Amino acid sequence: MRQQFLDQRGKAEAREKLGFSKSKTIILVSRGGITTDAKFTLKLIEQMLALPHNIYVVVNSGHNKYLGKNVRKLSEKYPEKIKDVGYVENFSDYLCASDLFVCKPGGLNISETLMLKVPSISFSAMPGQEEWNVRFIVKNGLGFYDTKREKIIEYIKLLLENKDKLREIQKNLKEYDHSFSPVDICDEILRRYKKERD
């Protein structure tokens, strides 16, 4: 886990740094690395833009040219509703600034959303680790998972409209918080090592 995820910003501070509105609900979308996932993600984004809610969709298209190109076309059409940031080094700022994270359930995405306590809705899990990740997220009430775009949109609408459900997931994320466990483990190892040497 990179240090930037330990040095957490508040939501207001992150939004001010990135120039994002404080009044909109920000949905961060992280694409899949392969073209099929990018096509699925693009269709999903188009459905998000059709929602009547006061949202701003921020897309982390990374190095995926197909998704980046098409999202930029959408941002020209709906500049007040969507932006593609491509590949960014300061990803933690974007996650801190967000209200929801829609993503592939890879190890980094899931660990980052847990660390920054942002409710996630994931899709298209690959067999193995990604399947285990979504089982954990769903079982512990930390987010949602589905393979169908319509169902993902339903989950997004649920969290946009049902503040009690959103607060419940945020509460679960806070209770699960292990943000500093790697640092704490290292500190404890060093403490014991020094004690043995003395």
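Residues numbered from 1 in each chain as written. Predicted model: local features only at pLDDT ≥ 70, side-chain atom pairs only at ≥ 80, totals over all residues. Heavy atoms only, no water.

Looking only at helices and strands, the protein chain features nine helices and six strands. Of all 198 residues assigned to the protein chain, the portion counted as buried reaches 48%. Residue pairs in contact within the protein chain that sit at least 24 positions apart in sequence constitute 67% of those at least 6 positions apart. Surface accessibility of the protein chain: about 10900 Å² in total, with carbon and sulfur atoms responsible for 52%. (Helix = DSSP H or I, 4+ residues; strand = E, 2+ residues; numbered from the N terminus. Buried < 20%, exposed > 50% of the residue type's maximum accessible area, 1.4 Å probe, protein only. Contact = heavy atoms within 4.5 Å. Areas by Shrake-Rupley, 256 points an atom, 1.4 Å probe, with all protein chains shown as cover.)

This brings us to the packing of helix H7 (residues 149-161) against helix H8 (residues 163-176). Between H7 and H8, whose axes approach to 5 Å, the crossing angle comes to 95°. By the angle between their directions, the pair H7 and H8 is classed as roughly perpendicular. Within the contact between the two elements, H7 uses Leu158, Leu159, Leu160 and Glu161 and H8 uses Lys163, Lys165, Leu166 and Ile169. Split by residue class, the contact of H7 with H8 holds five nonpolar, no polar and three charged. (Axes fitted to C-alpha atoms, helices over the stretch in contact; angles between N-to-C directions. Parallel < 35°, antiparallel > 145°, perpendicular 65-115°, else oblique. Nonpolar A, V, L, I, M, F, W, Y, C, P; charged D, E, K, R; others polar.)

One open sheet accounts for six strands, arranged S3-S2-S1-S4-S5-S6; its pairing is parallel. Two strands bound the open sheet, and with one partner strand each, they are strand S3 (82-84) and strand S6 (143-145). For this sheet, the mean inter-axis angle between neighbouring strands, taken without regard to orientation, is 15°. Bridge count between strand S4 (residues 100-103) and strand S5 (residues 120-122): three bridges; the pairing is parallel. (Pairing = 2+ DSSP bridges.)

What follows concerns the packing of aromatic side chains. Counted by the stated rule, this structure contains six aromatic pairs. A centroid spacing of 4.2 Å and a plane angle of 10° characterise the contact between Phe144 and Tyr155, whose relative ring orientation is stacked. Linking Phe144 in strand S6 with Tyr155 in helix H7, this pair joins segments that are eleven residues apart in sequence. Judged by relative accessible area, Phe144 falls into the buried class, the value being 13%. Residue class for Tyr155 comes out buried when judged on its relative accessible area of 16%. Among the aromatic side chains, those forming a connected cluster through ring pairs are Phe20, Tyr56 and Tyr94. The aromatic ring of Tyr66 is capped on one face by Lys39, whose charged end is 5.9 Å from the ring centroid. Its guanidinium or amino end placed over the ring of Phe40, Arg149 lies 5.5 Å from that ring's centre, counting from NZ or CZ. (Phe/Tyr/Trp six-rings, centres within 6.5 Å; stacked < 30°, edge-to-face > 60°. Lys NZ or Arg CZ within 6 Å of the ring centre and 35° of its normal.)

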